[in-house]
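Structural description and commentary
Now for the letters of each chain:
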Amino acid sequence: MFCSRCGHELPDGAKYCDSCGSAVVASTAPIASAAPIPPVAGPVPVPPTSSPTPMPPAAGPAPMPPAASPAPLQAQDPGQQQAPRKGPNPAAIVVVVAVLAVLVVGGVFFLRTRGGEDSAPATPAPSPAATDSRTPQQIAYGLYLDKCIEYCDEYGYPDSKVVDGDVSVATGLCVAKLVDFDGDGFEELLVCYNTNSAENDSSAIFTDDQVLAFKVEVWSYKDGAISLVYDEPRTVSHANGGSMWLTVFEVNGKPALNTLAYDAGTDSSGYYYENSESVYHTFDGSAFSAALSLSASFTVSDQSYKVNGKTATDEEYANAASSVHDDGSPLGLVTFTTYNERCLPSSETIDLTNQVIDVLKSGEPRPVVAPASYTYEIVATTYTIADAYTASGDGSALATVETTWSYPRFTLWDGSTTSALESINADLRNSCEFDASAAAEWDFDTQLMQTDYHEDKVMSISGNIASVLCVRSETAGGVHGFDGSYGKFFDLSTGDVLTAYDALGTTEDELAFKGKTAIRAFLADNPSDLGVTESDIEAYATDMSRYARDDKGIFIITRGYELGSYAFGSHRIYVVSNDGGSSFTGTEVDLGH
């Protein structure tokens, strides 16, 4: 017989199932499809009792009842009383489900950790993807460094070579400079490399081909990659004397690069002419575009100007040009070992490039120390000198007057000096003290000119070249004095005093020619009250001590009585602007007093 609840086979005459504890109803066939699940810990016999069917103990939970419906009950023996039938016990079901869950989890764990002979090996969990812990700036620096190395491999590493004894040429990767062109706090990479393989041949250096051989590019970082955003030709500036340099300008407060188209020569009538167009390019974060265009055409008899392609007056042109400034450290590419015109020597440009490469290698932003930069302070001293203007020539004692004279003292930016700077400073100091001593001892009877005013003014420092305007007033007694001013150029790196044409990177004849042109242009707008001969203009323009340079351009000094009467005055007249154009030619320098 079989249990009508769980299908367990029972001995004949059993009243209770020794598997599930249910009261037995006589049956001779097992319940259909009843495949009993063996208990986990073995069957626990339940003693006969007249009490209701007990809950199986926790240590031996009853097996789950079969899923199939039980078979129909056999006809009951009339003489046998049937025990009341109970429904499934909910608590027992919960326990059974929990045990099955444990079995399933345990089985899976067993198979994955031990497995059988035919089981597949456990697959390790995938490791998280590697992440780049560098900052965007460090990633950019790495990519910028890769670009520099690429150009070094192709064109050569940063170097400066001396050709023909006094010409210094930057070769290979000449410039690497970090500049925040769009003002977003993230730097772009400015590079310049020399593609001219004939740098040992001086005949190939002082040519337009060499200007074009210096390739200038800007690379910008965005979203994990760098892209080329600037590669305009003719971004390298050059002087007629042969020097070449790269400058980062500032236009209306934004960094800019400049391209210059320049043409000069003699027309069919033998007259000199100049045409120039300067275009200043700025970056908006996506692309460079022209922010300002300045064009000038110049002949002996005519001047014309354009601003952003539109015809402009000389005043409009000058106002537009005044929005342009350079960064104070033009990077020399072709310079001279005997002097440096308008820019750093090429050897110092290479030093700066190597410093930037070191910054890129480190991956850490840090200030780039520029090559030695110069500044100055004013030394002012009060002297007591003879008052030549009160001299009567009758032998009476001269009155005296106190006057304050001044001169600059040059230093490096950190306040220190070099032997070259000390030499220049001594020259300026001694000149002032000599004039003061002579002025204190002056006597009318000597008929010598006396300096009654002495001021040395720094007009500009460009690279290593300082231009000083030596303002002098002289007298030999009488109603008024005479203007004895002149210009002086110093090479701050060597201590040498330079000629004007050497300092300005031109020739003596060319500078004199431009000086004459400037004086003529000035007189055309400001006619002399006495008249000036062509031989007078020739004499003034060929005197190289008359030239100086400020932050706008080169100018020539004319003195009282030279271009007219005393009332006509002394004048400082612009010869050429610093960008090589003629925008200021013939106009007067504003000295502030």
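Position labels on residues start from 1 in each chain and follow its written sequence. For a predicted model such as this one, the threshold for reporting local features is a pLDDT of at least 70, and the threshold for listing and counting side-chain atom pairs is 80 or more; totals across whole chains, interfaces and linings nevertheless cover every residue. The basis for every side-chain value is the complete set of non-hydrogen atoms in the structure, without hydrogens or water.

Remarks on the side chain of serine 276
Note the cut-off: Each helix is a run of DSSP H or I of at least 4 residues and each strand a run of E of at least 2, with the numbering of both proceeding from the N terminus. Relative accessible area decides the class of each residue, using a 1.4 Å probe on protein chains only: under 20% of the type maximum gives buried, over 50% gives exposed, and in between gives partly exposed. We call two residues in contact whenever any of their non-hydrogen atoms come within 4.5 Å of each other.
Looking at where serine 276 falls in the secondary structure, it is placed in strand 11 (residues 272–283). Given a relative accessible area of 9%, serine 276 falls into the buried group. For serine 276, the contacting residues outside a window of four places in its chain are Leu260, Ala261, Tyr262, Leu294, Ser295, Ala296 and Gly581.

Structural notes on the side chain of serine 220
The residue serine 220 is located in strand 5 (residues 214–222) in this model. Since its relative accessible area comes to 8%, serine 220 is described here as buried. If sequence neighbours within four positions are ignored, serine 220 has contacts with Tyr144, Glu188, Ala225, Ile226, Ser227, Val229 and Phe283.

Points about the environment of glycine 487
If you trace the backbone, glycine 487 turns up in strand 22 (residues 486–491). Under the relative-accessibility criterion, glycine 487 is labelled buried at 11%. Once you skip the residues sitting within four places of it in the chain, glycine 487 turns out to touch Val468, Ser545, Tyr547 and Ile557.

Let's talk about the sheet that holds strand 12 (residues 288–299)
Spelled out, the test is: At least two bridges found by DSSP between two strands is the condition for calling them paired. As a rule, the C-alpha atoms of each element are fitted with a line to give its axis, helices using only the stretch in contact, and angles between N-to-C directions run from 0 to 180 degrees.
In spatial order, the strands read 14-13-12-11-10-9-15; together these seven strands make up an open sheet with antiparallel pairing. Strand pairing shows two members of the sheet lacking a second neighbour, strand 14 (310–312) and strand 15 (324–326), which therefore form its edges. Across this sheet, the average inter-strand angle for adjacent strands is 30°, counted without regard to direction. Relative to strand 10 (residues 254–266), strand 9 (residues 249–251) runs antiparallel, the two sharing three bridges. Looking at the pairing, phenylalanine 249 lines up with alanine 256 of strand 10. Sitting on the sheet, helix 8 (residues 508–525) is in contact with strand 10, strand 11, strand 12 and strand 13 (303–307), with an inclination near 90° to strand 11.

Digging into the packing of aromatic side chains
Basically, it comes down to this: Here is the rule: rings of Phe, Tyr and Trp (six-membered ring for Trp) pair when centre to centre is within 6.5 Å. Planes less than 30 degrees apart are stacked, more than 60 are edge-to-face, and the remainder are tilted.
Here the structure, examined in full by the defined rule, presents 15 aromatic pairs. Taking 5.4 Å as the distance between ring centres and 80° as the angle between the ring planes, the aromatic pair formed by phenylalanine 249 and tyrosine 280 counts as edge-to-face. Note that phenylalanine 249 is positioned in strand 9 and tyrosine 280 in strand 11, a separation of 31 residues in sequence. Note on accessibility: phenylalanine 249 and tyrosine 280 belong to one class, buried. Of the aromatic side chains, those joined through ring pairs into one cluster are Phe181, Tyr230, Phe283 and Phe288.

Observations regarding the packing of helix 2 (residues 136–155) against helix 5 (residues 346–362)
Cut-off, in case you're wondering: An angle below 35 degrees is read as roughly parallel, one above 145 as roughly antiparallel, one from 65 to 115 as roughly perpendicular, and any other as oblique. Helix crossings are classified by the rotation of the near helix relative to the far one: an anticlockwise turn of less than a right angle makes the crossing left-handed, while a clockwise turn makes it right-handed.
Two elements in contact, helix 2 and helix 5, have axes whose closest approach is 8 Å; the angle formed by their N-to-C orientations is 135°. One way to sum up the angle between helix 2 and helix 5 is to call them oblique. Here the hand of the crossing between helix 2 and helix 5 comes out left-handed. The residues of helix 5 that touch helix 2, namely those facing Tyr141, Tyr144, Leu145 and Cys148, are Ile357, Val359, Leu360 and Lys361.

Looking at a nonpolar patch on the surface
What counts here: Each patch is assembled from residues with relative accessible area greater than 30% and no salt bridge, linking like charges that lie within 9 Å and nonpolar side chains (Val, Leu, Ile, Met, Phe, Trp, Tyr) that lie within 5 Å. Areas reported as accessible are Shrake-Rupley estimates using a 1.4 Å probe. Residue values count occlusion only from the protein chains shown. Counted as salt bridges are all cases of a side-chain nitrogen of Lys or Arg within 4 Å of a carboxyl oxygen of Asp or Glu.
Taken together, the side chains of Met449, Phe482, Tyr561 and Tyr566 present a nonpolar region at the surface, about 400 Å² in accessible area. Look at tyrosine 566 and you get partly exposed, because its relative accessible area is 42%.

Re the pattern of salt bridges
Tallying each qualifying case throughout the model produces 12 salt bridges. Between aspartate 208 and arginine 234 there is a salt bridge; the shortest N-O distance is 2.6 Å. Here arginine 234 lies in the loop between strand 6 (225–230) and strand 7 (237–238) and aspartate 208 lies in helix 3 (residues 208–213), a separation of 26 residues in the sequence. With relative accessibility at 37%, the residue aspartate 208 sits in the partly exposed group. For arginine 234, a relative accessible area of 31% translates into the label partly exposed.

Digging into the confidence of the model for the protein chain
As a reminder, the rule being used: Per residue, pLDDT captures the predictor's confidence, and it can take any value from 0 to 100.
The predicted model of the protein chain has a mean per-residue pLDDT of 79, with 73% of residues at 70 or higher. A low-confidence stretch, residues 27–86 stays under pLDDT 50, and its non-local contacts, those more than four residues away or across chains, total 59 contacts. Every residue in residues 367–371 is under pLDDT 50, and counting partners more than four places away or in other chains gives 10 contacts.

Some points on the environment of proline 527
Considering the arrangement of structural elements, one finds proline 527 in the loop between helix 8 and helix 9 (534–541). When its relative accessible area of 59% is taken as the criterion, proline 527 is described as exposed.

Regarding the pairing of strand 12
One ladder, built from 11 bridges, connects strand 11 with strand 12; its direction is antiparallel. When the bridges of strand 12 are listed, phenylalanine 283 appears paired with phenylalanine 288. As consecutive antiparallel partners, strand 11 and strand 12 are separated by four residues, and within that stretch glycine 285 has a phi angle of approximately 100°, a positive value. Connecting strand 12 to the next strand, strand 13, in antiparallel fashion are three residues.

Concerning the state of the cysteines
Put simply, the rule is: A pair of sulfur atoms, both from cysteines and within 2.5 Å, is called a disulfide here.
Within this structure, the stated rule accounts for zero disulfides. Cysteine 192 carries a free sulfur, and the closest cysteine sulfur to it, the one in cysteine 174, is 5.0 Å from it. Judged by relative accessible area, cysteine 192 falls into the buried class, the value being 0%.

Some remarks on helix 2
Which entries qualify depends on this criterion: Helix span, as expected, comes to 1.5 Å for every residue beyond the first.
The terminal C-alpha atoms of helix 2 lie 28 Å apart, and with 20 residues this matches the ideal 28 Å at 1.5 Å per residue to within 8%. Here helix 2 has its buried residues at Gln137, Gln138, Ile139, Ala140, Tyr141, Tyr144, Leu145, Lys147, Cys148, Tyr151 and Cys152. Each element contacted by the buried residues of helix 2 is listed here: strand 3 (173–179), strand 4 (188–194), strand 5, strand 6 and helix 5. Phi turns positive one or two residues past the end of helix 2, at glycine 156, with a value near 115°.

So, the packing of helix 8 against helix 9
Which entries qualify depends on this criterion: In this classification, Asp, Glu, Lys and Arg are treated as charged, Ala, Val, Leu, Ile, Met, Phe, Trp, Tyr, Cys and Pro as nonpolar, and every other residue, Gly included, as polar.
Close contact between helix 8 and helix 9 brings their axes to 8 Å; oriented N to C, the two are set at 130°. Put simply, helix 8 runs oblique to helix 9. Once helix 8 is placed against helix 9, the crossing between them reads as right-handed. Across the interface between the two elements, Ala512, Gly515, Lys516, Ile519, Arg520 and Leu523 from helix 8 touch Glu534, Ile537, Glu538, Tyr540 and Ala541 from helix 9. Each residue belonging to the contact of helix 8 with helix 9 can be placed in one class, and the counts come to six nonpolar, one polar and four charged.

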